[in-house]
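Structural features, examined
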Amino acid sequence: MAGAPFTPIGPDDLGLNDLGLNDLDRNDLGPNDLGRRGRDATSGHDGSVRPVAPNRELARRTIHNGAVTVAGNLWAAVIGVLTLPLTLRGLGTEQFGLWVLIVSMSATNGWLSLADLGARTATVRAIAAPLAVGDRREAGHQLGAASSMIVGIALLVGLVVATLGRVALPQLFNAPAALTPAVRAALVWFALQAGVELASTVLHAAIEATQRVDRSRALHALRVTCVGVAVAFVATTTGSIVAVARAAAIASVVVSIVTLVVAWRTLPFRLRRGGRRRIVDLVTYGMSVGAINITGVLHRTMDRLVIGVTYGPRQVVFVEIATQITNGAQTLLGVAHSLTSAAPHLHARTDGDGLRALFVRGTRLTILASIPSLAIAAILAGPIIEVWMGATFRDAAGLTAVAVLGTALAVPAQAASLILQATGHARAVLRPAAVAVIANLGMSVLFARWFGVVGVFVATALTAAGLLWPLVRPALAVTGVDASEFLRRGVAPTAVPAIGAVLGAGLGIPFSEPVLALGIGALGAGLLWAVATWRWGLTATDRATLHRARSRANADVTPSM
């Protein structure tokens, strides 16, 4: 969820040149293990740890992971843009609205993702920490603990959705009587999909913990592609929500099998018995992360649910259009997710300088990366919708602009939230996030009744603004960064590029032809943002890092003589 990959983090500014992870070198990440062959490369038969020599692997991986995450996010956005209109036309407005409400319960980013009790983030942290010091035996035990917990939860979730869910949810979704039997049948297939996807999250977490975020994101892109294409094709050919749910479930099972194979060939340690103590530790920390996930899921899905309950499934279509455009606009936020796997290594090695630089530079580059797409989506929402969905849905333009504003207000705190979670300070995120989600839900219900559909997006924007300082403040304390330095080096350099992108996107407003307006606005926003970013947004170290990354890439593809 492609364009030129953005290099989010460089080794010099992070102080990572002396951080070594020989066990994570790409030559070692081969088909050794997950329970069957080879011995630990950094430990003896008895599991004793041998010292890990310094190298630049973590720095290189952090750069690579950020770029791959962005590319994966862009690809997922492209798939969404291509398949949503086809699915809508195939199912019709009412069935499509019901399908959107069903998939809002997704085990990857919907309500059911809460069922893992925060285990995915906790697993990344639990495996990355021992790998940072070369202890592969402990990493294998942590994977065993996470697997035992998540697979059990996945089975329970699938059973609950297939039984209780099919009885209660059609009424909650305001499904018409004629469509209720079909919705119930679709929920049975969705239960299979949710259980399989939830179980596979432990594999994604383990892969990411070994700094192979590229493979995890590639698998995510594969899932999005297979499910999206299958749903669009079946919706177009059958017009049946039951057939669509069946196709999505089968596609998810196939991709989960592929994920298992990739994990088997990627993880450089054996799957070992987890033990009760490790499971309890995972659950304890995971509960804090899981509570944070509750707030994230509520923010992502409450708009659909509130509008569906208040106005019925037909109005959910407009919310979904605004949400999909916003999701596409925030794809470049993926650069921040490389912090999730880099921060535990720095924290485990007590590298305070590296963690401080990671926070400041990660914040600045996350904001810079997100500016152009957010500006284009907010200012040119009308032409985007008209080109994509047709003039019938142009009324969603105002909703989209407000939705994008809410996302933009949350961007400066993105790096802070991820670093706090990755370094074991999830409770510092939980407290303000819990207050914010309660406020968001209350305002969404009230504003939806007072102002209509746009009210839910106004509530989200107000909540995002209120969360900024409560999230940034504990991150400053954990990383040792001064507030003035954070503003001066992390935020202020992004102001001129933001103004340039907004002015450039505005160049498309005078044109009535949507394709022309979109083309000129996007070109103007991209050019002005690029010039301003290179001149005022990037430091000399940033530019040198980009140059070295480009040189390294060219060297990698140059055939040896």
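Residues numbered from 1 in each chain as written. Predicted model: local features only at pLDDT ≥ 70, side-chain atom pairs only at ≥ 80, totals over all residues. Heavy atoms only, no water.

Another point: unusual backbone geometry. Look at asparagine 174: it is not a glycine, yet its phi comes out positive at around 60°. Relative to the helices and strands, asparagine 174 is located in the loop between helix 4 (136–172) and helix 5 (180–209). Judged by its relative accessible area of 37%, asparagine 174 is partly exposed. (Helix = DSSP H or I, 4+ residues; strand = E, 2+ residues; numbered from the N terminus. Buried < 20%, exposed > 50% of the residue type's maximum accessible area, 1.4 Å probe, protein only.)

Across the chain, the average pLDDT comes to 78, with 78% of residues at 70 or higher. Predicted confidence in the chain is weakest over helix 1 (residues 11–14), with a mean pLDDT of 30, and strongest over helix 18 (residues 495–506), with 95. Across residues 1–56, confidence stays below pLDDT 50; counting only partners more than four residues off in sequence or on other chains, it has 171 contacts. Below a pLDDT of 50 lies the segment residues 556–561, which in the model reaches 0 contacts outside its immediate sequence neighbourhood of four places, other chains included. (pLDDT = per-residue confidence, 0-100. Contact = heavy atoms within 4.5 Å.)

A word on the packing of aromatic side chains. Here the structure, examined in full by the defined rule, presents 5 aromatic pairs. Between phenylalanine 318 and phenylalanine 393, the ring centres sit 5.9 Å apart and the planes meet at 55°, which makes this aromatic pair tilted. Linking phenylalanine 318 in helix 9 (residues 313–329) with phenylalanine 393 in the loop between helix 12 (381–388) and helix 13 (396–410), this pair joins segments that are 75 residues apart in sequence. Taking 5.3 Å as the distance between ring centres and 20° as the angle between the ring planes, the aromatic pair formed by phenylalanine 359 and phenylalanine 486 counts as stacked. (Phe/Tyr/Trp six-rings, centres within 6.5 Å; stacked < 30°, edge-to-face > 60°.)

Time to look at the packing of helix 11 (residues 352–379) against helix 13. Where helix 11 meets helix 13, the axes come as close as 8 Å, and the angle between the chain directions of the two elements is 155°. Judged on the interaxial angle alone, helix 13 and helix 11 are roughly antiparallel. Seen from above, helix 11 lies across helix 13 with left-handed handedness. Contact residues: helix 11 offers Leu374, Ala377 and Ala378, while helix 13 offers Thr400, Ala401, Val404, Thr407 and Ala408. Per-class residue counts for the contact of helix 11 with helix 13 are 6 nonpolar, 2 polar and no charged. (Axes fitted to C-alpha atoms, helices over the stretch in contact; angles between N-to-C directions. Parallel < 35°, antiparallel > 145°, perpendicular 65-115°, else oblique. Left-handed = near helix turned anticlockwise from the far one by under 90°. Nonpolar A, V, L, I, M, F, W, Y, C, P; charged D, E, K, R; others polar.)

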